[in-house]
Amino acid sequence: MFTSMYFPKQSMPRMSEMCDERSGDGISALQKELIRIKSEQFHSRPPAEKCVYNANEPVSVLDPANTLLFSSEFESGNLSKAFLVTEFEYDLELASDANARGSTQWFNYSVTNASPGTYTFNLVNFVKSSSLYNKGLRPCFYSRKLKKWTAVGRNICYFKNRLGKPPTGSTSRELYAMSFDIDLTDSKDVYYFAYCYPFTYTDLQIYLRSLEEASKRQNFYKFKREVLCTTVQGRRCDIIKISKRNKKNKSNEKAKKYLVISGRVHPGETNASWVVKGILDFLTSNKAWSIDLLEHYRVILIPMLNPDGVAIGSYRCDNNGYDLNRCWKQPNETLHPTIYHAKNYIRRLVSKGEVALFFDIHGHSRKQNVFMYGNSNARRYRLKTSPKYPYYEKILPLMMSKLCSEFSFEECTFHITKKKEGTARVVNWSELGVALSYTVEASFLGASSLCDGNYAIGQYQELGMMLLRAVHEYINPNQAFVQSIVAELT
């Protein structure tokens, strides 16, 4: 019988202990031993052949009283099949992104009918060769009775699945498995497991409606919600415009610069939505910083660039199998409507005034911390603006690292590779003339300096606020902070 309790709950090492013991590859000796043991036992047991869940067709379960009941048939759900190994162990297969091969990362499924005990779940068809699961990342967990998302699990590890074969057409040659243990105690509760804290298309619609209603009860900012376009599957892609009410001096209102923010082009990067929510909460908070920021900028937000991919539970692509963050160079209005209309909208903003900053918010699955990708002043790009300072593109990221301990300037890069030339960050800079255009990456795991596992939802929201605080410091009339950063860079 397969035994999953390699490290009893009482003797499981703390994250700080694992951080202290990490080797050059960032994986502790203790974790490597866990990987070896779990991999050996996974590959030495008989293959799991009793399918107890199939998202595409009904499955008859021989012993329903002693079998978990699985489901992924809800918004943003992703679980293709579940196989029974023993009463307390299951192998799970994820669905690839629609019309795409080899993109299996996001999972979101529920179980119920759990007899009290310790369960082992093996997710067997990941395609990335490395993962933060070996450095402390934990699955996200929700109990319908407790009504709270948390990061859970023990004996978590990620290893090569030598028994599996990648789907036809996949760029990956091998599959990988992630295994974790968890105690389930209530047969009547419904438990949800996800790669990261879900933020669905419906969640966004409810949240934006609440902001609309709240904006009617105040008089210090203008909040306008519009439909940028409809998606291929007919969903609305929202665009939000926030500015300070300024009835006394309308000429000054017209002279403002634009700050443009987009998010969730990759559906499985749900942490990006929580960062964007932190940004929106801050801008509508009536705090001194937010009021001052709105004195300088009109803020334009497109909080969800890929509503279809989000709704159907994809990780990276839309429903047609396109990675929309590679389509900014030549977006097609029919195939990539959200990118096509977002690009044209920003182009119109540039023609009316100056788009001073562009942020595209993402989640990162292999690195820790928060960091940015920027653009260097390479000669082969015909830029429409000249940099104000040497190393202009590095000033804001370095300021952010001084203000936020979880931001890593060392992880930031400012060069452009061939495969990134179709991204929002590069096209807004090189083609549309946005001088400061960044991809902002927030790790699924957390800060390497803290060694305390996953970021919580509130921490992602706080990171959104801290990003705007850095922008606020950047535009501060007292440029002493900026000058000190310039001096440090030169």
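Above: the structure in question.
Residues numbered from 1 in each chain as written. Predicted model: local features only at pLDDT ≥ 70, side-chain atom pairs only at ≥ 80, totals over all residues. Heavy atoms only, no water.

Engineer: What is the right way to look at the side chain of Asn 375 in this model?
Structural biologist: Its place among the elements puts Asn 375 in the loop between strand 17 (370-373) and helix 9 (392-403). Asn 375 sits in the buried class, given a relative accessible area of 3%. A distance of 3.0 Å separates the side chain of Asn 375 from the backbone oxygen of Ser 437, its partner in a polar contact. Apart from the residues within four sequence positions on either side, Asn 375 is in contact with Glu 393, Phe 414, Ile 416, Arg 425, Val 426, Trp 429 and Ser 437. (Helix = DSSP H or I, 4+ residues; strand = E, 2+ residues; numbered from the N terminus. Buried < 20%, exposed > 50% of the residue type's maximum accessible area, 1.4 Å probe, protein only. Polar contact = N/O pair within 3.5 Å; in protein donor to acceptor, adjacent residues only side chain to side chain. Contact = heavy atoms within 4.5 Å.)

Engineer: Would you mind showing me how to read the nonpolar core here?
Structural biologist: Nonpolar side chains tend toward joint burial in soluble globular proteins. Within the largest apolar cluster, 110 residues are counted, with the highest numbers of intra-cluster contacts made by Phe 70, Tyr 109, Phe 121, Phe 193 and Phe 359. A per-element tally of this core places helix 11 (residues 457-474) first, with nine residues. Not counting chain neighbours up to four residues away, the residues in contact with Phe 70 comprise Val 52, Tyr 53, Leu 79, Ala 82, Tyr 90, Leu 92, Tyr 109, Ser 110, Val 111 and Phe 121. (Core = buried A, V, L, I, M, F, W, Y, C linked by side-chain atoms within 4.5 Å.)

Engineer: I would appreciate a short explanation of the environment of Ser 179 in the present structure.
Structural biologist: Residue position: Ser 179 is located in strand 10 (residues 175-184). Note: C-alpha distance between Ser 179 and Phe 42 (137 residues apart in sequence) is 9.4 Å. The contact partners of Ser 179, leaving out residues within four places of it in the chain, are Lys 38, Thr 120, Phe 121, Asn 122, Asn 155, Ile 156, Cys 157 and Phe 159. Here the side chain of Ser 179 touches Lys 38 through a polar contact of 2.8 Å, side chain to side chain.

Engineer: Help me understand the state of the cysteines, please; the structure alone is not making it clear to me.
Structural biologist: Disulfides are covalent bonds that connect the sulfur atoms of two cysteines. All told, the structure shown has zero disulfides when counted by the stated rule. This cysteine, Cys 140, is not joined by any disulfide, and Cys 196 carries the nearest cysteine sulfur, 5.0 Å off. (Disulfide = S-S within 2.5 Å.)

Engineer: What's the story with the sheet that holds strand 1 (residues 50-54) in this structure? I'm lost.
Structural biologist: Pairing between the strands of a sheet is mediated by backbone hydrogen bonds and can be parallel or antiparallel. The strand order across the open sheet built from six strands is 1-3-4-6-10-9, with neighbouring strands paired in mixed fashion. Either end of the sheet is taken by a strand with one partner, and the two such strands are strand 1 and strand 9 (154-161). With strand direction ignored, the average angle separating the axes of adjacent strands in the sheet is 25 degrees. Sheet topology note: the strand 9/strand 10 ladder contains six bridges and is antiparallel. Within strand 10, the position partnered with Cys 157 by the bridge is Ser 179. Together, strand 4 (89-93), strand 6 (117-126), strand 9 and strand 10 form the strand contacts of helix 2 (residues 29-44), whose direction differs from that of strand 9 by roughly 65 degrees. (Pairing = 2+ DSSP bridges. Axes fitted to C-alpha atoms, helices over the stretch in contact; angles between N-to-C directions.)

Engineer: Any chance you could explain helix 3 (residues 201-215) here in plain terms?
Structural biologist: A turn of α-helix holds 3.6 residues, and therefore any two residues three or four places apart point the same way. When the terminal C-alpha atoms of helix 3 are compared, their 21 Å separation across 15 residues agrees well with the 21 Å that a helix rising 1.5 Å per residue should span. Restricting attention to buried positions, one finds in helix 3 the residues Tyr 201, Leu 204, Gln 205, Tyr 207, Leu 208, Leu 211 and Ser 215. Buried positions along helix 3 lie against strand 12 (221-230), strand 13 (236-244), helix 5 (270-283) and helix 7 (307-312). (Expected span 1.5 Å × (residues − 1).)

Engineer: Explain the side chain of Asp 91 to me, please; I cannot follow it from the model alone.
Structural biologist: Mapped onto the secondary structure, Asp 91 falls in strand 4. Judged by relative accessible area, which is 8%, Asp 91 ranks as buried. In terms of polar contacts, Asp 91 uses its side chain to reach the side chain of Arg 45, at 2.7 Å. If sequence neighbours within four positions are ignored, Asp 91 has contacts with Phe 42, Arg 45, Ala 48, Lys 81, Ala 82, Phe 83, Val 85, Asn 122 and Val 124.

Engineer: Explanation requested: the packing of helix 6 (residues 288-296) against helix 11 in the structure shown.
Structural biologist: In contact at an axis separation of 10 Å, helix 6 and helix 11 are set at 55 degrees when each is read in the N-to-C sense. Between helix 6 and helix 11, the interaxial angle falls into the category oblique. The two elements helix 6 and helix 11 meet at a crossing, and its hand is left-handed. Together, Trp 289, Asp 292 and Leu 293 of helix 6 and Leu 468, Arg 469, Val 471 and His 472 of helix 11 make up the contact between the two elements. Its residues assigned to classes, the contact of helix 6 with helix 11 comprises four nonpolar, one polar and two charged. (Parallel < 35°, antiparallel > 145°, perpendicular 65-115°, else oblique. Left-handed = near helix turned anticlockwise from the far one by under 90°. Nonpolar A, V, L, I, M, F, W, Y, C, P; charged D, E, K, R; others polar.)

Engineer: So what exactly am I meant to see when it comes to the pattern of salt bridges here?
Structural biologist: Taken as a whole and assessed by the stated rule, the structure comprises 25 salt bridges. Counted as one network, the salt bridges with shared partners bring together Glu 212, Arg 225, Arg 236 and Asp 238. (Salt bridge = Lys/Arg side-chain N within 4 Å of Asp/Glu carboxyl O.)

Engineer: I keep staring at the pairing of strand 14 (residues 257-263) and nothing clicks. Help me out?
Structural biologist: Each regular strand displays side chains that alternate between the two surfaces of the sheet. For strand 14, a buried count of six out of seven residues is recorded, marking the element as mostly surrounded by other parts of the structure. Note: strand 14 against strand 16 (residues 355-364), six bridges, orientation parallel. In the strand pairing of strand 16, Val 260 is matched with Phe 358.

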